[in-house]
Structures are given as structure tokens and as C-alpha cells.
Amino acid sequence: MSKVIKIQDININIKTSKDDNDYICLTDMAKFKDYDTWVVIQNWINTKYTIQFIGAWEQLHNPDFNLLEFHGVRNKVGNAGFTVSSSMWINRTKAIGIRSSAGRYGGTYAHKDIAFEFATWLSPEFKLYLIKAFQRLKIDENKRLSAGWDVKRMLP
């Protein structure tokens, strides 16, 4: 299911799920900066800290994560002439925390844990707004779900 939250006049798409694996659109978030969104995402993913963070996240959540490829990327990131793109990261490491698709309705999405880290890189203030808006979305979803459950229980 897809939802939209608005932060500082930027619509941010979120793919929500019942199993708490929500994915937030990094492409939308990157509009906070005045550059092309792909440049913003690529600049973020090309830092050693980012690769270490998303690599640690993958090790915790992805049994198919390719550690050998991760170590190779981690050792090369930051070197002149070596750049990481989200699709390269996904293809080489079998990552699941970042999803990328091309086309009109495409974009780069990241698991909420990773998206919040991206938000920190964009702006601490932006991150706080994102967290609050995301929390409101989840509270609203839970209210709707619990209201629906109560109605069903009350029917004969």
C-alpha cells in the first residue's frame, strides 16, 4: 500500500506494509536539496559511513546479503574513480534495504531505518519532521485498523 506524507512542501511516498517493513522514497526526500535527486542520493551512498551503515543493516536483516561483495565495495568507496550507485549496490550485494526502479513511477526507496539515516545526512531538522510525520501516519493507520476491528467485533 502506498501513502504520502508532506514535509516542507515536499510530497514523500511511502510503501507501507503490515510487517513493519515500510519503504520511504529517497528520490522524493532528495528534493529537499537543490540538485538533481540522483546526484544527492549518489553523493550520500558514496560515503564510507553510509556503506558501513547499510552494510550493517543488511547483515542484520538479510540472510542472502553478499558479504564478500560488501567488503569489496566498502574497501573501495571513497577512492578516486570508484562510485557506488543504488542499483550497483543492490545487484552486487543482493541488498534488500534499498530498492531502485526506473521509469515514470520509479525511484529509489529505502527501508525506514535507512531512510531516516539518509534524512540525517540531508538535514537534522528535516529528519525530525520526517520522523514526526511518519509516526503520525502509523498512528492513523493503527487507529483505522483498530476501529475496523472494533466494528467487526460489535456485529452479531
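So, here is what we can say about the structure in this document.

1. Thoughts on helix 6 (residues 112-122)
Point 1. Counting buried positions along helix 6 gives eight out of 11 residues, so the element sits mostly inside the fold.
Point 2. For helix 6, every residue scored as buried is listed here: K112, I114, A115, F116, E117, F118, A119 and L122.

2. Section: the packing of helix 2 (residues 37-45) against helix 6
Point 1. Viewed as axis vectors pointing N to C, helix 2 and helix 6 meet at an angle of 100°, and their least axial separation amounts to 11 Å. Judged on the interaxial angle alone, helix 6 and helix 2 are roughly perpendicular. Between helix 2 and helix 6, the residues in contact are V40, I41, N43 and W44 and I114, E117, F118, W121 and L122, respectively.

3. A look at the sheet that holds strand 2 (residues 10-15)
Point 1. Reading across from one edge, 1-2-3-5-4 is the order of the five strands in this open sheet, with antiparallel pairing throughout. Both outer strands of the open sheet, strand 1 (2-7) and strand 4 (98-101), are each paired with one neighbouring strand and no more. Sheet twist, expressed as the average angle between the axes of neighbouring strands with direction ignored, equals 25°.
Point 2. Inspection of the sheet shows strand 2 paired to strand 3 (residues 23-25) by two bridges, in the antiparallel sense. Counted as the bridge partner of K15 is Y23 from strand 3.
Point 3. Packing against the sheet, helix 6 makes contact with strand 3, strand 4 and strand 5 (107-111), and its axis sits at approximately 110° to strand 5.

4. Points about the environment of S85
Point 1. Along the chain, S85 turns up in the loop between helix 4 (67-76) and helix 5 (86-93).
Point 2. Classification of S85 by relative accessible area gives partly exposed; the value is 26%.
Point 3. Spatially, the C-alpha atom of S85 lies 5.8 Å from that of Q42, the residues being 43 residues apart in sequence.
Point 4. Within the structure, S85 has its side chain in polar contact with the backbone nitrogen of M88 (distance 3.1 Å).

Conventions adopted
- Residues numbered from 1 in each chain as written.
- Predicted model: local features only at pLDDT ≥ 70, side-chain atom pairs only at ≥ 80, totals over all residues.
- Heavy atoms only, no water.
- Buried < 20%, exposed > 50% of the residue type's maximum accessible area, 1.4 Å probe, protein only.
- Helix = DSSP H or I, 4+ residues; strand = E, 2+ residues; numbered from the N terminus.
- Axes fitted to C-alpha atoms, helices over the stretch in contact; angles between N-to-C directions.
- Parallel < 35°, antiparallel > 145°, perpendicular 65-115°, else oblique.
- Contact = heavy atoms within 4.5 Å.
- Pairing = 2+ DSSP bridges.
- Polar contact = N/O pair within 3.5 Å; in protein donor to acceptor, adjacent residues only side chain to side chain.

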